[in-house]
Amino acid sequence: MKKGILLSLLLASFGCVQARETAVAQKVIGIVVEAANVKTPVEFASVALEDKTTKKIVNGATTDAKGAFEIQNVVAGNYKIIVSFVGFSDKTIENVVVTKGNDLNVGTIQLASNSKTLNEVTVSSTKSLIEEKVDRTIYNADKDISSKGGDASDVLRKVPMLTVDLEGNVSIRGSSNIKVLINNKPSTIMASSVADALKQIPADMIQTVEVITSPSSKYDAEGSTGIINIITKKNNLEGYFLSVDLGVGNRASMLGLQGSVRKGKFGATLGGHGRAMYNKSTITSDQTTTINLIEKLTKQVAEAKDNPLHGRYNIGFDYDIDKKQSLSGGVRFGIRNFARTQNQSTELFKNSLFESKQNRAIDTKELSNSVDLNVDYIHIYKPQQELSISTQYSRNNLSNYIVRSNLDGAGLIQNKAKNDNLNLNQETTFQLDYQTPIGANQILELGGKGIFRQVNSDYTYFTAQNATSEYVNDPTLKAGSLDYTQKIGAAYTAYTFSTPKKYNFKTGLRYEYTDINATDDKNINFGIAPYGILVPSLNISKSLKEGTTVKIGYSRRIQRPGLQQLNPNTNTANVQSISIGNPKLSPEFTNNIELGLSTRFKQTFINIAFFGNETSDAISQLRTADSFGVITAKFENIGKQRNAGFNFFGNVYLTPKWTVNGGFDVTYNYLEGQILEGNVSKTVSNDGFSGGGRLMTNMTLKNGWTVQGFGGMFGARVQLQGRMGGMMMYSLGMKKDFKNKKGSFGISGENFLTNATGIMRSELKSTTLTQTSVTNVYNRGIRLNLTYKFGKMGFEPPKKTRSVKNDDIKDGGGEGGGEGGGAPQGGQGRPNGGGMPPQGGQGKPNGAGKSQPNKSNSVEKPQQDAKPLPKETPKKE
């Protein structure tokens, strides 16, 4: 079958336009390094291919983080290659001959510095803080010195398109319907609360953060508005290695150890990070309810002190069975002990007349432990043809304890109540992926996946008449349990095609079937029907002249409810504002479309994206009031949600040592749903704009010093019944590298010139209630950091791995507490499917972002003569 016919059939099956038959074209690949140190790649170098007959530039590429470039769709002929980057002399490679049917590897190209030495400062290439790939935005957190000693939420606040509030709740383009992964892998601990999970991951462990807004069909269908993939640091150096990280601050202190050993075919890693935090906050709340013309006003002030203690520990291995097969695996343990003590004052008014005042002491403990185990196998038959098998088991045990004591005027306990909630969340995953080239510039991917998930929640309520009395069952609240079993089966296919005119097509189709069995403590079934969903995706990009790319993407997504939203436990820590889950929730379904433009000119990069999405059966918390002035928030499928907006990002090298980047996001939100007010169901809606902006600068000084500054402002999010708080912050950091390049020390601070608090204001209202709350969090921080590395290391190319990746659980949406945690681990892997498209623009799901050329050991042994690539050489990254 001709390629044109095959392409037409595949694209037509997804409702796409047919494409014409194309001619065979070749590619030119190579690596660019510094002449002074051939082991140092030059990233972002421009590589131009000039026709020697016409003297015109006919094609080109930009080097990636490893210095590699790949020029696609090159017709046979005589060329020369021109390589350039700021701070280096241009390098020209003459007599580059491309023959029909043979790809060409030009080997290693060395760039010599053109800078003059000034006070021992020499210009050299530096990695950009933010990179823009065709399918994702990448934030290089290892270059973020102002977040060092903090946690993952400090890092994510600086990533374009993301908003992180003071409590750590994350949203993409104004929506919290996202999925967060660690090294392309899920963890059951993430299903409870992303906000809590981020606090558990030290910023020092993070290598990069990837934001994927238009995932292909190889990804799980979950994550309505996008995926955030946090890649942790790892070591691929031959020999042994030990890194020590120490941080001390007024709000948190941490200690981390990471070690590895690699010898020949075998490598192993072992590490651990512990972090102790201490913070305080003040929360004020005014809520008014009106039932039967009776107005109830509740005024509350709470002073809270938090003392979380987090730990993450991991052990991993990888083994090359032979040149084409490898095996990898790992075990990750996590603990989280969160303790909060709170003194709360509550005043009640009826029709503006004072009724009563009550002081309470509220003690909250959230204790969890988690484990994640994975074993992954990959067989590479030939370049771009590979089979991978991935397995994973993940388990999280979470215990929540709340003790609420009513106090008299002298501060003595009058009576008290307790709520115990024991949770278990575990899942087992099996995954099979296969990809193969089916012609010139075409790749077909196939895969299947099974997820077996179990969620259990047991909750009890007790009361005691005084401080010394024994607890007895609370007669006003009924104990119970939830047993929730979910089975998901998935299959997908994806097809990638690129044309000589620099069009890239990536289309796919995924089917997921979900079966749910949910029962309560009396073994009564909730009667949730099974459902299937067909998920198409399409991404098209066009490379224009002078480094400009236009892309458009469409995807359909699903968001299943998470543990926090399903849990029927009634949280009465605040008796005037109660929250409860809903085990009968249905999933959300979202259609996304995105149009983007990125361009480079001189040393400036600009990206602009316009987006829109519509969600049906959107999950949100709805608040209702009773005649006592108590507001109850419960998760419901409210109805419709529509978002539309744009985001802008720019990065500029003012000098080779000084970069400035920044951007802003603007989103229009519309929500519509059914709400019960009294005994009447009515349709309500709310709309409005939300947005934010950020600005960052990084400067490398002499003698190993680096300075970095950041400032950001993030607006309130639109809810069906109001708006949830915004915030602003800034930070400044300095770092000094030791002369032996084995360590560094630094100091960083946040909001150190302003008052000691960060303020987040929320306003919620309906026809029967109004609730205004202001949270003041102690947000002035100073940290001292020290890092040192021990070991004897040599160069070793990174291993290619595969891994399980579940994208399918909706977090609590940032509207309540809960537990969470990351799963830092070695080995990046790919998600379900992991294809490698033939053109550099189409990024991989594992975050590499570009198709890598065959290295041919060119980093260690530079090739002097250009040679055609062997057609059947196994390809390893």
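Thresholds applied
- Residues numbered from 1 in each chain as written.
- Predicted model: local features only at pLDDT ≥ 70, side-chain atom pairs only at ≥ 80, totals over all residues.
- Heavy atoms only, no water.
- Helix = DSSP H or I, 4+ residues; strand = E, 2+ residues; numbered from the N terminus.
- Buried < 20%, exposed > 50% of the residue type's maximum accessible area, 1.4 Å probe, protein only.
- Areas by Shrake-Rupley, 256 points an atom, 1.4 Å probe, with all protein chains shown as cover.
- Salt bridge = Lys/Arg side-chain N within 4 Å of Asp/Glu carboxyl O.
- Phe/Tyr/Trp six-rings, centres within 6.5 Å; stacked < 30°, edge-to-face > 60°.
- Lys NZ or Arg CZ within 6 Å of the ring centre and 35° of its normal.
- Contact = heavy atoms within 4.5 Å.
- Pairing = 2+ DSSP bridges.
- pLDDT = per-residue confidence, 0-100.
- Patch = residues over 30% accessible without salt bridge, like charges linked within 9 Å, V, L, I, M, F, W, Y side chains within 5 Å.
- Axes fitted to C-alpha atoms, helices over the stretch in contact; angles between N-to-C directions.
- Core = buried A, V, L, I, M, F, W, Y, C linked by side-chain atoms within 4.5 Å.

Turning to the overall build of the chain, a few remarks are in order. Looking only at helices and strands, one finds four helices and 46 strands in the chain. Within the chain, the proportion of its 877 residues that are buried is 56%. Accessible area of the chain: about 35000 Å², with a carbon and sulfur share of 58%.

This part is about the pattern of salt bridges. Pairing between side chains of opposite charge can happen when their charged atoms approach one another. By the definition in use, this model includes 18 salt bridges. Measuring nitrogen to oxygen at the nearest pair gives 2.7 Å for the salt bridge that ties Arg453 to Glu427. Here Glu427 lies in strand 24 (residues 413–439) and Arg453 lies in strand 25 (residues 442–464), a separation of 26 residues in the sequence. With a closest N to O distance of 2.8 Å, Glu512 and Arg510 form a salt bridge. Taking relative accessible area as the criterion, Glu512 reaches 2% and is therefore assigned buried. Judged by its relative accessible area of 1%, Arg510 falls in the buried class. A single salt-bridge network, built from bridges that share partners, covers Arg251, Glu750 and Arg783.

Attention now goes to the packing of aromatic side chains. For the structure shown, the criterion picks out 13 aromatic pairs. Ring geometry for Phe738 and Phe745: centres 6.0 Å apart, planes at 40 degrees, overall tilted. Classification of Phe745 as partly exposed rests on a relative accessible area of 36%. Feature note: the residues Phe610, Phe646, Phe648 and Phe664 constitute an aromatic cluster, connected by ring pairs. Geometry around Tyr471 places Lys418 over its ring, the cationic atom sitting 4.8 Å from the centre.

Right, let's talk about the environment of Met161 for a bit. Note on placement: Met161 falls in the loop between helix 2 (152–156) and strand 10 (162–164). For Met161, a relative accessible area of 5% gives the class buried. A sequence separation of 50 residues divides Met161 from Val211, and the C-alpha atoms of the two residues are 8.0 Å apart. Sequence-distant contacts of Met161, defined by excluding residues within four places in its chain, comprise Thr137, Ser171, Ile172, Arg173, Val211, Thr213, Asn647, Asp665 and Arg694.

Now for the pairing of strand 17 (residues 266–277). In the case of a regular strand, side chains alternate between the two sheet surfaces. Judged from the 12 bridges that link them, strand 16 (residues 252–263) and strand 17 form a sheet pairing that is antiparallel. Directly across from Leu255, in strand 17, lies its bridge partner Gly274. Joining the antiparallel neighbours strand 16 and strand 17 is a turn of two residues, in which Gly264 adopts a positive phi near 60 degrees. Across 11 bridges, the pairing between strand 17 and strand 20 (residues 309–320) is antiparallel.

Turning to unusual backbone geometry, a few remarks are in order. Unusually for a residue other than glycine, Lys55 sits at a positive phi of about 65 degrees. With respect to the helices and strands, Lys55 occurs in the loop between strand 2 (46–51) and strand 3 (57–62). One non-glycine residue, Asn73, lies in the positive phi region at around 55 degrees. By the element assignment, Asn73 lies in strand 4 (residues 68–74).

Time to look at the confidence of the model for the chain. Looking at the chain as a whole, its pLDDT mean stands at 79, while 80% of the residues score no less than 70. Segment residues 115–126 is flagged for pLDDT under 50; beyond a separation of four residues in sequence, or across chains, it makes 26 contacts in the model. Within the model, the stretch residues 812–877 combines pLDDT values under 50 with 279 contacts to residues more than four positions away or in other chains.

Taken together, the side chains of Leu246, Val248, Leu255, Leu701, Trp705, Met734, Phe745, Ile747, Ile782, Leu784 and Leu786 present a nonpolar region at the surface, about 910 Å² in accessible area. Here the element with the most residues in the nonpolar patch is strand 45 (residues 781–794); it accounts for three residues. Position of Leu255 relative to the elements: it lies in strand 16. In this structure Leu255 comes out as partly exposed when scored by relative accessible area, which is 45%.

A separate point is the sheet that holds strand 2. An order of 3-2-5-6 is seen for the four strands of this open sheet, with the pairing classed as antiparallel. In this open sheet, the two strands that pair with only one neighbour each are strand 3 and strand 6 (91–98). On average, each strand axis in the sheet is inclined to that of its neighbour by 25 degrees, with strand direction left out of account. Across six bridges, strand 5 (residues 77–84) lies against strand 6 in antiparallel orientation. Pairing of Val83 across the sheet is with Lys91, part of strand 6.

Here we take up the nonpolar core. Ranked by internal contacts, the top residues of the largest apolar core, which has 28 residues, are Leu156, Val170, Ile206, Val209, Ile228 and Ile230. Setting aside chain neighbours within four positions, we find Ile206 in contact with Ala141, Asp142, Ala152, Val155, Ile201, Ile230, Ile231, Thr232 and Lys233. With 23 residues, the next largest nonpolar core counts Phe69, Ile81, Val83 and Leu104 among its residues.

Moving on, we come to the environment of Ile31. Here Ile31 is to be found in strand 1 (residues 26–34). The class for Ile31 is buried, based on a relative accessible area of 2%.

A few words now on the pairing of strand 3. Where strand 2 meets strand 3, five bridges bridge the pair, whose relative direction is antiparallel. Bridging across to strand 3, Leu49 finds its partner in Asn59. From the end of strand 2 to the start of strand 3, which pair antiparallel, there are five residues, and Lys55 there has a positive phi angle of about 65 degrees.

Structurally, Lys179 can be placed in strand 12 (residues 179–182). Residue Lys179 is classed as buried on the basis of its relative accessible area of 4%. C-alpha of Lys179 to C-alpha of Ile212: the two residues are 33 residues apart in sequence and 10.0 Å apart in space.

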